[in-house]
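As a plain string of letters, each chain reads:
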Amino acid sequence: MPAAALCKAPAAKGSLAGKTPKEDAAILEQFLLIQPDDIPHEEECLRNPFTLKTWLRYIEHKKTASLEQRIFIYERAVKELPGSYKLWKAYLDLRTGELLEGVPDIETHLRTRKRELRNDEWSRVNNCFERSLVLCNKFPVIWLAFCQFLMHQENVTHCRRTFDRALRALPVTQHEKIWESYLKFAKQAKGELVVRIWRRYLKLQPQEAEEYVGVLTALNPPRHGEAARVLASIVENPKFTSRHGKSQYQLWTELCDLVTEPSVQQDNQKNLRVEPIDAERIIRSGIARFSDQVGRLWNSLAKFWMFQQEWEKARDVYEEAIKSVKTVRDFSIVFDAYAAMEETVLTRSMEELANNTGDEVDGVDDADIDLRLARFEKLMERRPFLVNDVVLRQNPHNVNEWEKRVELWKERGNAKKVVETYTQAIETIHAKRAVGKLHMLLVHFAEYYEGIQDLETARTVFEQATTISYKRADDLAEVWCQWAEMELRNENFEDALEVMGRATTPPKGGAAFIASIRYTDEKREPQQRLFKSIKLWSFIVDLEESIGTADSTRAVYDRIIELKIATPQIIINFAAFLEDNKCYEESYRVFERGIEHFGYPIAFDIWNVYLTKFIERYAGTKLERARDLFEHAVDKVPPKFAKALYLMYAKLEEDHGLARHAMRIYDRATRAVGDEDRFEMFTIYIAKATSYFGLTSSREIYERAIEALPDKLARDISVRFSDMETRLGEIDRARAILGYCSQFCDPRMDAEFWKIWHEFEVKHGNEDTFKEMLRIKRSVQAKYNTEVNFISAQLLAARAQGQPLDEALAPNAAPTTMAELEALALRDDAERIEDDRVAAEAGGTRVVGFVRATVTEPKVTSKPSNPDEIEISDDDKDEDERQDNDGNGMEVDEPTPAAEPEVAKGGLEKRAVPEGVFGGLGADAKQAEEKLGAKERFKRKR
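Thresholds applied
- Residues numbered from 1 in each chain as written.
- Predicted model: local features only at pLDDT ≥ 70, side-chain atom pairs only at ≥ 80, totals over all residues.
- Heavy atoms only, no water.
- Helix = DSSP H or I, 4+ residues; strand = E, 2+ residues; numbered from the N terminus.
- Buried < 20%, exposed > 50% of the residue type's maximum accessible area, 1.4 Å probe, protein only.
- Contact = heavy atoms within 4.5 Å.
- Areas by Shrake-Rupley, 256 points an atom, 1.4 Å probe, with all protein chains shown as cover.
- Axes fitted to C-alpha atoms, helices over the stretch in contact; angles between N-to-C directions.
- Parallel < 35°, antiparallel > 145°, perpendicular 65-115°, else oblique.
- Left-handed = near helix turned anticlockwise from the far one by under 90°.
- Nonpolar A, V, L, I, M, F, W, Y, C, P; charged D, E, K, R; others polar.
- Salt bridge = Lys/Arg side-chain N within 4 Å of Asp/Glu carboxyl O.
- Core = buried A, V, L, I, M, F, W, Y, C linked by side-chain atoms within 4.5 Å.

Enquirer: How would you sum up the overall build of the chain? Please name residues and give values.
Expert: Counting its regular elements, the chain contains 48 helices and two strands. Every one of the 942 residues in the chain was classed for burial, and the buried ones make up 41%. By sequence separation, contacts in the chain at least 24 residues apart represent 54% of the contacts at least 6 residues apart. As displayed, the chain offers around 51,700 Å² of accessible surface, 52% of which is attributable to carbon and sulfur atoms.

Shown next as structure tokens:
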């Protein structure tokens, strides 16, 4: 059945009487669309024709039916409920779905057409949309669906009018939804229609003007004139914010690029009703606004005149630009464009002249070519000066740039320009704001005149330089020194002395005023403080020593000391000068004046030189005076500087005095020096005492050193003390010293000390002393016993042995050496920590850190042990047990391989006593005690 007949068919009610045959046939055909299973829904629709749910249930029931049947039901439903948005939306989606397919395009929102535009179905669907809008004209979704459907039909006028109707029908708050599709339609339509639609849209959304500029420039042909006007209104609006994040400078550059287009000028000439665009005024306003980023803007202005074939005006613009830009970056942009323009014009003129045989082509001849070539070469030669101008415009007080400019003129041999540049620099630079060395600029100016043998002008320049108020007084002093140097180079010695005399003349005023002036007082002018410049006075001293007399030189030195500006080096130089002139006592008085003036720590250097020179001259002839000097020197010497003076004092007594006096000085030195020098001082004291009075005389020194030094250094002193007593045969004294020292030697951290004691006991001890050493070691280890020390000791022990910790602590053999004993103790500690951790995780009540008791002897159940018997722990086992098989140790009864070790009374195994414990006693009694065990041998010794 045709779709048009279904659209117009009314609901079948009553009989067919009174109908024409054609109408009767249509009604009969509609009745055939109703299936038997549709009867319940038909009856319900007849009973409730104005209920939306009734029709929706009927439509849901027929969703798999043919298109004609569903259209038949939709037509009847919208006739009964013409204002239902839900019905109309579903019906229109059904009808448009038969003409369009696919997913809408992201940019255009258009779908693929299933039928050709000549098909009548397009117009029928349009009629359905029109019927729906009669009562549903306030629903933007239907308007949007209708407009997008019309966009597929390429009927621009009908679509545009429909969009306009939608905008008139809907409230303003819903226009944004329509305008989104309307603008896409305008982009699709192109031409004048785009401009008119966007003009209307900007009245509603003026902030979209930036997008409008892009649309105008994208047209074919582009409308640069109107785009420039819109963009000009944008940049003049201070409240405008770019949607694309563009800055005002970026918008200005875009505007300048637009107004320089040739089409803008053509538009100005054609469209007389619109105010013409003044490109030059716009670009210059941008240059005035962005003074530090004007390179591109100047190029745009020059390009504007180049498009107009106004080459001279473009050249004037470039010249103005390179003389006004303030950054090197902008200068580079402008200069490169300027050079490119000149090169292009020159190349084009040469090509035109070469291609024409005539003498003159459009005013271009050989003279014109030569002129343009000379202009181009001149421009390239000016580049260094132009760059220098840019930097000086940034900071006219930049001394280094003025110096560079002078060097440029010197390279070109232009003496007049050199003098002009120096003069201009001196007039321009402000002394307090100068960047660089202004005084050296004036010195170089004077040296330039000196180089051309014009000394009078050079003196005039120096005279002018001395009147400038520099930032630092040292700069003014340097000027005076350079002036004197110039006079010396020209052998004007008297003039040089006169110049330095003028420089060191104090200002007018009384003695109190002169004394109150400090050289470092920045509040006073440099000219007032100059007479206290040590730089000037040092120069005068050198000058007087070279060309003056001894008396004049001494007068200068005395004046320096009188002004209280002398340095330790000045004092030493003055004394050396007097010594060279055989004035020894006066040189010593100068030393004493310097010491009184400075005091420690500066006086240390003076004392050092003074005492050295005094001893070199008098040696032991004036011993009492030398002693007085040394006593005065060490009276208030800081501990940091005491070592050198005391050593020098002691050396004097050793060479020219008494040894006991030297010992007293060394003893005082050990108390006076700093902590960092005390150990070395004690070492020297001990060595000297030993060399003069023997080993026994150093015992008191050793004892006091152990008391005075920190633990780490006291350990080294104790080891040396013990070694000395051992060499003297005092074994008990040596052992007592090691025992005292062991109290501050942690076995985990000071393994070297315990190794030394172990070797000592092996060589000189017995079993009791060895056991006592082990007992002391355990007690000291318990004192230093902390959780952190457990971990650090384990790591240090494993690292020292170069093996993993588990391997180092493996219980694979009985401990026989000091390292094995330490490893055993570390293993026990590690096991205890692990047991504590397991117990804590299991929720036990064990106290973490509690040292458990370990079983060191096998249990003997045959009979109780005698309490009077002496127990021997595992720590007393034979260190040389592994060597018994080689015959190096004492033999014991060897059990058979399968038998258990023989157990004596008290549950003790029979072991060999280490040979090193008893020294030669064990070897002598080897034959007699060959078959005795450790216990019997121990009882026999008891």
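Enquirer: Lay out unusual backbone geometry in plain terms, naming residues and giving numbers.
Expert: Outside of glycine, negative phi angles account for most residues, and trans bonds account for most peptide bonds. Not every positive phi belongs to a glycine, and Glu154 is a case in point at roughly 60°. Positionally, Glu154 belongs in the loop between helix 8 (140-151) and helix 9 (156-169). When its relative accessible area of 56% is taken as the criterion, Glu154 is described as exposed. Positive phi is not limited to glycine here, since Lys582 has a value of about 65°. Relative to the elements of secondary structure, Lys582 occurs in the loop between helix 31 (568-580) and helix 32 (584-598). Judged by relative accessible area, which is 63%, Lys582 ranks as exposed.

Enquirer: Before we move on, can you summarise the packing of helix 16 (residues 279-289) against helix 17 (residues 295-307) with the specific residues and values?
Expert: Orientation of helix 16 relative to helix 17, taken along the N-to-C sense of each, is 165°, at an axis distance of 9 Å. Accordingly, the angle class assigned to the pair helix 16 and helix 17 is roughly antiparallel. Considering the relative orientation of helix 16 and helix 17, their crossing is left-handed. Counting all contacts with helix 16, which are made through Ala279, Glu280, Ile283, Arg284, Gly286 and Ile287, the residues of helix 17 involved are Leu297, Trp298, Ser300, Leu301, Phe304 and Trp305. Residues that form the contact of helix 16 with helix 17 fall into these classes: eight nonpolar, two polar and two charged.

Enquirer: Could you give an account of the pattern of salt bridges, with specific residues and numbers?
Expert: Counted under the stated rule, the structure contains 54 salt bridges. Taken together, the shared-partner salt bridges connect Glu312, Arg315, Glu342 and Arg375 into one network.

Enquirer: With reference to specific residues and values, describe the nonpolar core.
Expert: Residues Leu438 and Trp607 are the most contacted members of the largest nonpolar core, which totals 130 residues. Ranked by residue count, the leading element in this core is helix 23 (residues 438-451), at nine residues. Not counting chain neighbours up to four residues away, the residues in contact with Trp607 comprise Ile595, Tyr600, Leu629, His632, Ala633 and Leu645. If you look at the next biggest cluster of nonpolar residues, it comprises 103 residues, including Cys136, Phe185, Tyr249 and Val317.

Enquirer: So what's going on with the packing of helix 10 (residues 175-189) against helix 11 (residues 192-204)? Residues and values would help.
Expert: Interhelical geometry of helix 10 versus helix 11 gives an angle of 160° and a closest axis separation of 9 Å. One way to sum up the angle between helix 10 and helix 11 is to call them roughly antiparallel. Between helix 10 and helix 11 the crossing geometry is left-handed. Contacts from His175, Glu176, Trp179, Tyr182, Leu183, Phe185, Ala186 and Ala189 of helix 10 reach helix 11 at Leu193, Val194, Ile197, Trp198, Arg200, Tyr201 and Leu204.

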